[in-house]
Protein chains: 2
Amino acid sequence: MSSILTPSVDALVAELARLPGIGPRSAQRLAFHLLKAPPERPQALAEAIQAVVENIRPCTECFSFAEGDLCPVCADPRRDPTVICVVEEPSAIVSIERTHEFRGRYHVLGGALSPIDGVDPEDLRIAELDQRIERDGVTELVIATNPTMAGEATALFLADRVRDRLRVTRLASGLPVGADLEHADELTLGRALLGRRDI
Amino acid sequence: MSSILTPSVDALVAELARLPGIGPRSAQRLAFHLLKAPPERPQALAEAIQAVVENIRPCTECFSFAEGDLCPVCADPRRDPTVICVVEEPSAIVSIERTHEFRGRYHVLGGALSPIDGVDPEDLRIAELDQRIERDGVTELVIATNPTMAGEATALFLADRVRDRLRVTRLASGLPVGADLEHADELTLGRALLGRRDI
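Residues numbered from 1 in each chain as written. Chains lettered and ligands numbered in written order. Predicted model: local features only at pLDDT ≥ 70, side-chain atom pairs only at ≥ 80, totals over all residues. Heavy atoms only, no water.

Asks: Whenever I open this one, the relation of the copies chain A and chain B confuses me. Can you help?
Replies: One copy of the chain maps onto the second through a rotation around an axis plus a translation along that axis. For the match of chain A to chain B, the screw axis carries a shift of 0.1 Å, the RMSD comes to 0.1 Å, and the turn is 180°. As the rotation angle and translation indicate, the two copies are arranged about a two-fold axis. Residues of chain A ranked by C-alpha distance from the rotation axis are headed by Ala 46 of chain A, positioned 2.2 Å from it. Comparing interface residues between copies, 100% of those in chain A also sit at the interface in chain B, which points to an isologous, same-surface contact. (Least-squares fit on C-alpha atoms with pLDDT ≥ 70 in both. Contact = heavy atoms within 4.5 Å.)

Asks: I tried to follow helix H3 (residues 40-55) of chain A on my own but got confused; where do I start?
Replies: In an α-helix, one turn spans 3.6 residues; hence positions three or four apart end up facing the same way. In this model, H3 of chain A (16 residues) spans 21 Å end to end at C-alpha, consistent with the 22 Å of a helix rising 1.5 Å per residue. Of the positions making up H3 of chain A, those classed as buried are Pro 42, Ala 44, Leu 45, Ala 46, Ala 48, Ile 49, Gln 50 and Val 52 of chain A. Next to the buried residues of H3 of chain A lie helix H2 (24-36) of chain A together with helix H1 (7-17), helix H2 (24-36) and helix H3 (40-55) of chain B. (Helix = DSSP H or I, 4+ residues; strand = E, 2+ residues; numbered from the N terminus. Expected span 1.5 Å × (residues − 1). Buried < 20%, exposed > 50% of the residue type's maximum accessible area, 1.4 Å probe, protein only.)

Asks: Looking at this model, I keep getting lost on the interface of chain A and chain B. Mind explaining?
Replies: The extent of an interface is frequently quoted as the accessible surface area lost upon association of the parts. Facing 52 residues of chain A, the contacting portion of chain B comprises 52 residues. A combined buried area of about 4,900 Å² lies between chain A and chain B, and 69% of that area is made up of carbon and sulfur atoms. Between chain A and chain B we count four salt bridges in total. The residue Glu 15 of chain A makes a salt bridge to Arg 41 of chain B at a minimum N-O spacing of 3.0 Å. Going through the elements one at a time, helix H1 (7-17), H2, H3, strand S2 (65-66) and helix H4 (90-99) of chain A are the ones with two or more residues in the side of chain A that touches chain B. The dominant element in the side of chain A that touches chain B, judged by the number of residues it contributes, is H3 of chain A, at 13 residues. Residues of the side of chain A that touches chain B, tallied by class, amount to 32 nonpolar, ten polar and ten charged. (Buried area = accessible area lost by both parts, 1.4 Å probe. Salt bridge = Lys/Arg side-chain N within 4 Å of Asp/Glu carboxyl O. Nonpolar A, V, L, I, M, F, W, Y, C, P; charged D, E, K, R; others polar.)

Asks: I tried to follow the pattern of salt bridges on my own but got confused; where do I start?
Replies: Two side chains carrying opposite charge are able to pair once their charged atoms lie near each other. Residues and elements named next belong to chain A. A complete count under the given rule lists 28 salt bridges over all chains for this structure. A salt bridge links Glu 15 to Arg 18; the nearest nitrogen and oxygen atoms lie 3.9 Å apart. Here Glu 15 falls in the buried class, since its relative accessible area comes to 14%. Overall, the relative accessible area of 49% leaves Arg 18 in the partly exposed class. With a shortest N-O distance of 3.2 Å, Glu 152 and Arg 170 are connected by a salt bridge. Here the residue Glu 152 occupies a position in helix H6 (residues 149-162), and Arg 170 occupies one in strand S6 (residues 167-170), the gap between them amounting to 18 residues. With a relative accessible area of 21%, Glu 152 lands in the partly exposed category. On the basis of relative accessibility, which here comes to 28%, the residue Arg 170 falls in the partly exposed class. Counted as one network, the salt bridges with shared partners bring together Glu 61, Arg 132, Arg 135 and Asp 136.

Asks: I would appreciate a short explanation of the sheet that holds strand S4 (residues 104-108) of chain A in the present structure.
Replies: All names here are of chain A. Taken in spatial order, the four strands line up as S4-S3-S5-S6 in an open sheet, and their pairing is parallel. Of all strands in the sheet, those with a lone pairing partner are S4 and S6, marking the two edges. Neighbouring strand axes in the sheet, compared pairwise and without regard to direction, differ in orientation by 25° on average. Pairing between strand S3 (residues 80-87) and S4: five bridges, direction parallel. Residue Val 86 lies in a different strand from S4, and its bridge partner there is His 107. Against the sheet, H6 touches S3, strand S5 (140-143) and S6, its axis set at about 170° to S6. (Pairing = 2+ DSSP bridges. Axes fitted to C-alpha atoms, helices over the stretch in contact; angles between N-to-C directions.)

Asks: Teacher, can you tell me more about the packing of H1 of chain A against H2 of chain A here?
Replies: A pair of packed helices is characterised by two quantities: the angle between their axes and the separation of those axes. Residue and element names in this part refer to chain A. Two elements in contact, H1 and H2, have axes separated by 8 Å at closest approach and are oriented at 125°. As summarised for this structure, H1 and H2 are arranged oblique, according to the angle between their axes. For H1 against H2, the interelement crossing comes out right-handed. In this structure, H1 uses Val 9, Leu 12, Val 13, Leu 16 and Ala 17 to contact H2, whose residues at the interface are Pro 24, Ala 27, Gln 28, Leu 30, Ala 31, Leu 34 and Leu 35. When the residues that make up the contact of H1 with H2 are grouped by side-chain class, the tally is eleven nonpolar, one polar and no charged. (Parallel < 35°, antiparallel > 145°, perpendicular 65-115°, else oblique. Left-handed = near helix turned anticlockwise from the far one by under 90°.)

Asks: Sorry if this is basic, but what is going on with the pairing of strand S5 (residues 140-143) of chain B here?
Replies: Regular strands have side chains that alternate between both faces of the sheet. All names here are of chain B. The two faces of S5 match: Glu 140 and Val 142 on one face and Leu 141 and Ile 143 on the other face are all buried. Across four bridges, the pairing between S5 and strand S6 (residues 167-170) is parallel. Following the sheet pairing, Glu 140 is matched in S6 by Arg 167. Between the parallel elements S5 and S6, the chain passes through helix H6 (residues 149-162) in a crossover that is right-handed. (Right-handed = clockwise from strand over helix to strand, strands pointing away.)

Asks: Looking at this model, I keep getting lost on the packing of H3 of chain A against H3 of chain B. Mind explaining?
Replies: Close contact between H3 of chain A and H3 of chain B brings their axes to 9 Å; oriented N to C, the two are set at 155°. Taken as axis vectors, H3 of chain A and H3 of chain B run roughly antiparallel relative to one another. As for how H3 of chain A packs across H3 of chain B, the hand of that crossing is left-handed. In contact with Pro 42, Gln 43, Leu 45, Ala 46, Ile 49, Gln 50 and Val 53 of chain A of H3 of chain A, H3 of chain B contributes Pro 42, Gln 43, Leu 45, Ala 46, Ile 49, Gln 50 and Val 53 of chain B. Its residues assigned to classes, the contact of H3 of chain A with H3 of chain B shows ten nonpolar, four polar and no charged.

See the structure below:
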(Lines give C-alpha, C1' and ligand atoms only; values in the text may rest on other atoms or scores of the structure.)
Protein backbone atom coordinates (compact mmCIF):
# COMPACT_ATOMS: atom_id res chain seq x y z
CA MET A 1 0.00 0.00 0.00
CA SER A 2 1.22 3.47 -0.80
CA SER A 3 0.94 6.30 1.74
CA ILE A 4 -1.86 8.01 -0.14
CA LEU A 5 -4.07 8.66 2.85
CA THR A 6 -2.47 9.41 6.21
CA PRO A 7 0.28 7.69 8.22
CA SER A 8 -2.18 6.33 10.82
CA VAL A 9 -4.41 4.82 8.16
CA ASP A 10 -1.41 3.34 6.34
CA ALA A 11 -0.16 1.81 9.59
CA LEU A 12 -3.56 0.26 10.28
CA VAL A 13 -3.79 -1.17 6.76
CA ALA A 14 -0.30 -2.65 7.18
CA GLU A 15 -1.19 -4.30 10.48
CA LEU A 16 -4.46 -5.70 9.13
CA ALA A 17 -2.66 -7.07 6.06
CA ARG A 18 -0.46 -9.17 8.36
CA LEU A 19 -3.50 -11.23 9.40
CA PRO A 20 -3.90 -14.60 7.69
CA GLY A 21 -6.18 -14.55 4.65
CA ILE A 22 -6.30 -10.72 4.61
CA GLY A 23 -4.62 -9.31 1.48
CA PRO A 24 -3.79 -5.63 0.93
CA ARG A 25 -7.20 -4.90 -0.63
CA SER A 26 -9.14 -6.57 2.18
CA ALA A 27 -6.96 -4.79 4.72
CA GLN A 28 -7.82 -1.46 3.13
CA ARG A 29 -11.52 -2.34 3.08
CA LEU A 30 -11.41 -3.30 6.77
CA ALA A 31 -9.52 -0.11 7.66
CA PHE A 32 -12.10 2.03 5.85
CA HIS A 33 -14.87 0.15 7.60
CA LEU A 34 -13.28 0.93 10.97
CA LEU A 35 -12.83 4.57 9.96
CA LYS A 36 -16.48 4.93 8.96
CA ALA A 37 -17.88 3.13 11.99
CA PRO A 38 -18.89 4.98 15.16
CA PRO A 39 -15.68 5.24 17.26
CA GLU A 40 -17.04 2.80 19.87
CA ARG A 41 -16.62 -0.08 17.42
CA PRO A 42 -12.89 0.19 16.60
CA GLN A 43 -12.37 1.10 20.25
CA ALA A 44 -14.09 -2.11 21.34
CA LEU A 45 -12.00 -4.15 18.89
CA ALA A 46 -8.75 -2.59 20.11
CA GLU A 47 -9.74 -3.25 23.71
CA ALA A 48 -10.71 -6.86 22.95
CA ILE A 49 -7.28 -7.41 21.40
CA GLN A 50 -5.52 -5.76 24.36
CA ALA A 51 -7.56 -7.91 26.74
CA VAL A 52 -6.44 -11.20 25.20
CA VAL A 53 -2.82 -10.00 25.11
CA GLU A 54 -3.01 -9.17 28.81
CA ASN A 55 -5.27 -11.93 30.14
CA ILE A 56 -4.70 -15.06 28.11
CA ARG A 57 -2.03 -17.58 29.05
CA PRO A 58 -1.72 -21.33 28.51
CA CYS A 59 -3.75 -23.52 30.88
CA THR A 60 -1.23 -25.03 33.32
CA GLU A 61 -2.90 -28.44 32.90
CA CYS A 62 -3.84 -28.84 29.24
CA PHE A 63 -2.17 -25.85 27.49
CA SER A 64 -5.41 -24.59 25.98
CA PHE A 65 -6.17 -20.88 26.53
CA ALA A 66 -6.88 -19.80 30.11
CA GLU A 67 -7.52 -16.50 31.85
CA GLY A 68 -6.41 -17.73 35.27
CA ASP A 69 -4.30 -20.84 35.81
CA LEU A 70 -6.87 -23.24 34.40
CA CYS A 71 -8.98 -23.22 31.24
CA PRO A 72 -12.76 -23.58 31.70
CA VAL A 73 -12.63 -27.32 30.94
CA CYS A 74 -9.83 -28.11 33.42
CA ALA A 75 -11.52 -25.89 36.02
CA ASP A 76 -14.79 -27.82 35.67
CA PRO A 77 -14.91 -30.62 38.29
CA ARG A 78 -17.65 -32.41 36.29
CA ARG A 79 -15.23 -33.16 33.46
CA ASP A 80 -13.74 -36.66 33.72
CA PRO A 81 -9.96 -36.38 34.26
CA THR A 82 -9.41 -40.05 33.37
CA VAL A 83 -10.28 -39.56 29.69
CA ILE A 84 -8.01 -37.17 27.78
CA CYS A 85 -8.57 -36.03 24.24
CA VAL A 86 -5.26 -35.09 22.62
CA VAL A 87 -5.39 -32.26 20.06
CA GLU A 88 -2.81 -30.34 18.08
CA GLU A 89 -4.17 -26.84 18.78
CA PRO A 90 -6.86 -25.20 20.96
CA SER A 91 -9.02 -24.56 17.89
CA ALA A 92 -9.75 -28.30 17.75
CA ILE A 93 -11.17 -28.09 21.28
CA VAL A 94 -13.77 -25.58 20.14
CA SER A 95 -14.86 -27.93 17.35
CA ILE A 96 -15.09 -30.95 19.65
CA GLU A 97 -16.89 -29.05 22.41
CA ARG A 98 -19.54 -28.02 19.89
CA THR A 99 -20.49 -31.66 19.39
CA HIS A 100 -21.38 -32.01 23.13
CA GLU A 101 -20.23 -35.65 22.80
CA PHE A 102 -17.11 -35.50 24.95
CA ARG A 103 -17.09 -35.17 28.74
CA GLY A 104 -13.39 -35.77 29.41
CA ARG A 105 -10.51 -33.29 29.40
CA TYR A 106 -8.09 -32.15 26.72
CA HIS A 107 -4.37 -31.95 26.11
CA VAL A 108 -2.92 -29.53 23.56
CA LEU A 109 0.27 -30.89 22.00
CA GLY A 110 1.15 -27.60 20.31
CA GLY A 111 1.50 -29.15 16.86
CA ALA A 112 2.12 -32.52 15.20
CA LEU A 113 5.27 -34.53 14.58
CA SER A 114 6.93 -33.56 11.33
CA PRO A 115 10.66 -34.35 11.22
CA ILE A 116 10.93 -32.64 7.82
CA ASP A 117 9.76 -29.37 9.45
CA GLY A 118 11.98 -29.99 12.48
CA VAL A 119 9.09 -30.88 14.81
CA ASP A 120 10.31 -33.77 16.97
CA PRO A 121 8.64 -35.37 20.01
CA GLU A 122 10.50 -33.08 22.42
CA ASP A 123 8.94 -30.05 20.67
CA LEU A 124 5.43 -31.20 21.63
CA ARG A 125 3.92 -31.31 25.12
CA ILE A 126 4.31 -35.07 25.49
CA ALA A 127 6.19 -35.15 28.80
CA GLU A 128 3.37 -33.08 30.30
CA LEU A 129 0.85 -35.58 28.90
CA ASP A 130 2.76 -38.46 30.48
CA GLN A 131 2.63 -36.70 33.85
CA ARG A 132 -1.13 -36.25 33.60
CA ILE A 133 -1.62 -39.90 32.59
CA GLU A 134 0.31 -41.05 35.66
CA ARG A 135 -1.15 -38.60 38.14
CA ASP A 136 -4.82 -38.80 37.13
CA GLY A 137 -4.95 -42.55 36.38
CA VAL A 138 -6.01 -41.91 32.81
CA THR A 139 -7.88 -44.89 31.31
CA GLU A 140 -8.44 -43.65 27.75
CA LEU A 141 -6.55 -41.38 25.39
CA VAL A 142 -8.72 -40.14 22.50
CA ILE A 143 -6.26 -39.01 19.87
CA ALA A 144 -7.83 -36.20 17.86
CA THR A 145 -4.82 -34.96 15.91
CA ASN A 146 -5.71 -33.93 12.36
CA PRO A 147 -6.22 -36.62 9.69
CA THR A 148 -3.06 -35.46 7.90
CA MET A 149 0.31 -37.14 7.44
CA ALA A 150 1.74 -35.33 10.48
CA GLY A 151 -1.39 -35.86 12.55
CA GLU A 152 -1.47 -39.59 11.78
CA ALA A 153 2.24 -39.95 12.55
CA THR A 154 1.68 -38.21 15.88
CA ALA A 155 -1.29 -40.46 16.67
CA LEU A 156 0.74 -43.62 15.98
CA PHE A 157 3.70 -42.31 17.97
CA LEU A 158 1.52 -41.56 21.01
CA ALA A 159 -0.43 -44.81 20.74
CA ASP A 160 2.74 -46.92 20.61
CA ARG A 161 4.05 -45.34 23.80
CA VAL A 162 1.00 -45.91 26.00
CA ARG A 163 -1.13 -48.71 24.52
CA ASP A 164 0.25 -51.24 27.01
CA ARG A 165 -1.08 -49.13 29.88
CA LEU A 166 -4.42 -47.74 28.69
CA ARG A 167 -7.03 -47.67 25.94
CA VAL A 168 -6.03 -45.53 22.98
CA THR A 169 -8.66 -44.47 20.44
CA ARG A 170 -8.62 -42.33 17.32
CA LEU A 171 -11.45 -40.28 15.83
CA ALA A 172 -13.10 -42.21 12.99
CA SER A 173 -12.20 -41.29 9.44
CA GLY A 174 -14.91 -41.62 6.81
CA LEU A 175 -17.50 -39.84 4.79
CA PRO A 176 -18.64 -36.46 6.13
CA VAL A 177 -22.32 -36.54 7.14
CA GLY A 178 -24.43 -35.32 4.24
CA ALA A 179 -21.67 -35.87 1.70
CA ASP A 180 -22.10 -37.45 -1.69
CA LEU A 181 -20.14 -40.63 -2.48
CA GLU A 182 -19.50 -39.37 -5.97
CA HIS A 183 -17.48 -36.45 -4.63
CA ALA A 184 -15.56 -38.28 -1.91
CA ASP A 185 -11.82 -38.50 -2.49
CA GLU A 186 -10.29 -41.98 -2.69
CA LEU A 187 -8.44 -41.78 0.61
CA THR A 188 -11.55 -40.80 2.54
CA LEU A 189 -13.66 -43.43 0.79
CA GLY A 190 -10.96 -46.02 1.46
CA ARG A 191 -10.99 -45.13 5.14
CA ALA A 192 -14.78 -45.29 5.20
CA LEU A 193 -14.62 -48.82 3.76
CA LEU A 194 -11.92 -49.98 6.16
CA GLY A 195 -13.87 -48.54 9.07
CA ARG A 196 -17.25 -49.96 7.98
CA ARG A 197 -19.58 -50.98 10.80
CA ASP A 198 -22.37 -53.57 11.15
CA ILE A 199 -25.83 -52.08 11.11
CA MET B 1 -19.96 -18.60 18.97
CA SER B 2 -20.37 -20.40 22.27
CA SER B 3 -18.22 -19.52 25.29
CA ILE B 4 -16.13 -22.66 25.02
CA LEU B 5 -12.79 -20.98 25.50
CA THR B 6 -12.52 -17.96 27.76
CA PRO B 7 -14.53 -14.71 28.01
CA SER B 8 -11.67 -12.61 26.56
CA VAL B 9 -11.30 -14.90 23.55
CA ASP B 10 -15.07 -14.98 23.03
CA ALA B 11 -15.19 -11.18 23.16
CA LEU B 12 -12.40 -10.89 20.60
CA VAL B 13 -14.09 -13.38 18.26
CA ALA B 14 -17.34 -11.41 18.58
CA GLU B 15 -15.63 -8.11 17.73
CA LEU B 16 -13.77 -9.60 14.77
CA ALA B 17 -17.01 -11.15 13.47
CA ARG B 18 -18.52 -7.63 13.25
CA LEU B 19 -16.04 -6.75 10.50
CA PRO B 20 -17.37 -6.90 6.94
CA GLY B 21 -16.69 -10.18 5.16
CA ILE B 22 -15.53 -11.88 8.38
CA GLY B 23 -17.89 -14.69 9.39
CA PRO B 24 -17.81 -16.49 12.75
CA ARG B 25 -15.34 -19.11 11.49
CA SER B 26 -12.94 -16.54 10.06
CA ALA B 27 -13.24 -14.49 13.24
CA GLN B 28 -12.24 -17.53 15.27
CA ARG B 29 -9.32 -18.25 12.96
CA LEU B 30 -8.11 -14.62 13.24
CA ALA B 31 -8.48 -14.69 17.03
CA PHE B 32 -6.43 -17.90 17.26
CA HIS B 33 -3.83 -16.37 14.99
CA LEU B 34 -3.54 -13.35 17.29
CA LEU B 35 -3.34 -15.66 20.33
CA LYS B 36 -0.52 -17.71 18.81
CA ALA B 37 1.48 -14.72 17.54
CA PRO B 38 4.19 -13.05 19.63
CA PRO B 39 2.39 -10.45 21.79
CA GLU B 40 3.97 -7.55 19.87
CA ARG B 41 1.77 -8.32 16.86
CA PRO B 42 -1.71 -8.07 18.43
CA GLN B 43 -0.36 -5.18 20.50
CA ALA B 44 0.67 -3.35 17.33
CA LEU B 45 -2.72 -4.00 15.74
CA ALA B 46 -4.57 -2.71 18.82
CA GLU B 47 -2.38 0.40 18.87
CA ALA B 48 -2.90 1.03 15.14
CA ILE B 49 -6.66 0.89 15.67
CA GLN B 50 -6.46 3.22 18.69
CA ALA B 51 -4.31 5.61 16.67
CA VAL B 52 -6.86 6.01 13.88
CA VAL B 53 -9.66 6.43 16.40
CA GLU B 54 -7.70 9.21 18.10
CA ASN B 55 -5.98 10.89 15.15
CA ILE B 56 -8.21 10.64 12.12
CA ARG B 57 -10.85 13.26 11.38
CA PRO B 58 -12.44 14.49 8.14
CA CYS B 59 -10.33 16.89 6.06
CA THR B 60 -11.91 20.32 6.52
CA GLU B 61 -11.64 20.93 2.76
CA CYS B 62 -12.49 17.69 0.99
CA PHE B 63 -13.78 15.39 3.78
CA SER B 64 -11.26 12.65 3.04
CA PHE B 65 -9.31 11.33 6.05
CA ALA B 66 -6.88 13.75 7.68
CA GLU B 67 -4.64 13.69 10.74
CA GLY B 68 -4.51 17.46 11.13
CA ASP B 69 -7.01 19.86 9.52
CA LEU B 70 -6.08 18.93 5.96
CA CYS B 71 -5.58 15.62 4.19
CA PRO B 72 -2.25 15.11 2.39
CA VAL B 73 -3.77 16.09 -0.98
CA CYS B 74 -5.38 19.33 0.23
CA ALA B 75 -2.18 20.18 2.14
CA ASP B 76 -0.08 19.79 -1.02
CA PRO B 77 0.29 23.20 -2.73
CA ARG B 78 1.29 21.47 -6.00
CA ARG B 79 -2.20 20.02 -6.40
CA ASP B 80 -4.40 22.12 -8.69
CA PRO B 81 -7.35 23.52 -6.67
CA THR B 82 -9.27 24.44 -9.85
CA VAL B 83 -9.90 20.81 -10.83
CA ILE B 84 -11.94 18.81 -8.34
CA CYS B 85 -12.61 15.08 -8.59
CA VAL B 86 -15.85 14.20 -6.82
CA VAL B 87 -15.99 10.77 -5.17
CA GLU B 88 -18.47 8.97 -2.98
CA GLU B 89 -15.99 7.72 -0.38
CA PRO B 90 -12.29 8.18 0.50
CA SER B 91 -11.51 4.64 -0.74
CA ALA B 92 -12.04 5.91 -4.30
CA ILE B 93 -9.29 8.49 -3.73
CA VAL B 94 -6.79 5.71 -3.03
CA SER B 95 -7.71 3.98 -6.29
CA ILE B 96 -7.44 7.18 -8.33
CA GLU B 97 -4.16 8.28 -6.70
CA ARG B 98 -2.66 4.92 -7.64
CA THR B 99 -3.10 5.77 -11.33
CA HIS B 100 -0.88 8.90 -10.97
CA GLU B 101 -3.09 10.45 -13.67
CA PHE B 102 -4.81 13.12 -11.60
CA ARG B 103 -3.15 16.27 -10.25
CA GLY B 104 -6.23 18.12 -8.98
CA ARG B 105 -7.99 17.87 -5.63
CA TYR B 106 -10.85 15.73 -4.37
CA HIS B 107 -14.24 16.14 -2.78
CA VAL B 108 -15.85 13.31 -0.80
CA LEU B 109 -19.64 13.43 -1.01
CA GLY B 110 -20.14 10.82 1.70
CA GLY B 111 -22.35 8.59 -0.44
CA ALA B 112 -24.56 8.71 -3.51
CA LEU B 113 -28.11 9.88 -4.06
CA SER B 114 -30.63 7.14 -3.42
CA PRO B 115 -34.10 8.40 -2.55
CA ILE B 116 -35.24 4.82 -1.91
CA ASP B 117 -32.63 4.54 0.86
CA GLY B 118 -33.44 8.03 2.12
CA VAL B 119 -30.25 9.65 0.75
CA ASP B 120 -31.25 13.06 -0.59
CA PRO B 121 -29.00 15.90 -1.84
CA GLU B 122 -28.91 17.55 1.59
CA ASP B 123 -27.43 14.33 3.04
CA LEU B 124 -24.36 14.67 0.81
CA ARG B 125 -21.62 17.32 1.05
CA ILE B 126 -22.90 19.30 -1.92
CA ALA B 127 -23.16 22.74 -0.25
CA GLU B 128 -19.49 22.38 0.74
CA LEU B 129 -18.64 21.50 -2.86
CA ASP B 130 -20.49 24.64 -4.08
CA GLN B 131 -18.44 26.77 -1.69
CA ARG B 132 -15.17 25.32 -2.98
CA ILE B 133 -16.25 25.83 -6.60
CA GLU B 134 -16.96 29.51 -5.89
CA ARG B 135 -13.97 30.22 -3.70
CA ASP B 136 -11.30 28.41 -5.74
CA GLY B 137 -12.59 29.33 -9.22
CA VAL B 138 -12.98 25.67 -10.15
CA THR B 139 -12.86 25.10 -13.91
CA GLU B 140 -13.51 21.37 -14.10
CA LEU B 141 -15.45 18.89 -12.00
CA VAL B 142 -14.42 15.26 -12.68
CA ILE B 143 -17.30 13.20 -11.39
CA ALA B 144 -15.99 9.85 -10.21
CA THR B 145 -19.00 8.46 -8.40
CA ASN B 146 -19.42 4.72 -8.89
CA PRO B 147 -20.90 3.39 -12.17
CA THR B 148 -24.01 2.21 -10.30
CA MET B 149 -27.59 3.45 -10.42
CA ALA B 150 -27.03 5.72 -7.41
CA GLY B 151 -23.63 6.88 -8.64
CA GLU B 152 -24.98 7.75 -12.09
CA ALA B 153 -27.96 9.59 -10.59
CA THR B 154 -25.59 11.59 -8.41
CA ALA B 155 -23.35 12.40 -11.38
CA LEU B 156 -26.31 13.67 -13.41
CA PHE B 157 -27.64 15.68 -10.48
CA LEU B 158 -24.28 17.39 -9.91
CA ALA B 159 -23.66 17.97 -13.62
CA ASP B 160 -27.07 19.61 -14.10
CA ARG B 161 -26.40 22.06 -11.29
CA VAL B 162 -23.04 23.38 -12.49
CA ARG B 163 -22.64 22.68 -16.20
CA ASP B 164 -23.53 26.29 -17.09
CA ARG B 165 -20.58 27.51 -15.05
CA LEU B 166 -17.79 24.98 -15.61
CA ARG B 167 -16.67 21.87 -17.45
CA VAL B 168 -18.11 18.68 -16.01
CA THR B 169 -16.60 15.30 -16.93
CA ARG B 170 -17.32 11.73 -15.96
CA LEU B 171 -14.91 8.79 -15.84
CA ALA B 172 -15.24 6.67 -18.97
CA SER B 173 -17.23 3.45 -18.79
CA GLY B 174 -16.10 0.58 -20.97
CA LEU B 175 -14.15 -2.64 -21.12
CA PRO B 176 -11.61 -3.18 -18.35
CA VAL B 177 -8.06 -3.27 -19.72
CA GLY B 178 -7.07 -6.88 -20.37
CA ALA B 179 -10.66 -8.11 -20.37
CA ASP B 180 -12.14 -10.55 -22.84
CA LEU B 181 -15.11 -9.38 -24.93
CA GLU B 182 -16.71 -12.77 -24.54
CA HIS B 183 -17.03 -12.24 -20.79
CA ALA B 184 -18.11 -8.59 -20.78
CA ASP B 185 -21.63 -7.98 -19.49
CA GLU B 186 -24.07 -6.30 -21.90
CA LEU B 187 -24.25 -3.02 -20.04
CA THR B 188 -20.49 -2.58 -20.00
CA LEU B 189 -20.17 -3.59 -23.65
CA GLY B 190 -23.01 -1.20 -24.54
CA ARG B 191 -21.20 1.64 -22.76
CA ALA B 192 -17.98 0.70 -24.52
CA LEU B 193 -19.74 0.96 -27.86
CA LEU B 194 -21.41 4.26 -27.05
CA GLY B 195 -18.10 5.66 -25.83
CA ARG B 196 -16.08 4.40 -28.81
CA ARG B 197 -13.22 6.63 -29.92
CA ASP B 198 -11.45 7.21 -33.24
CA ILE B 199 -8.04 5.65 -33.48
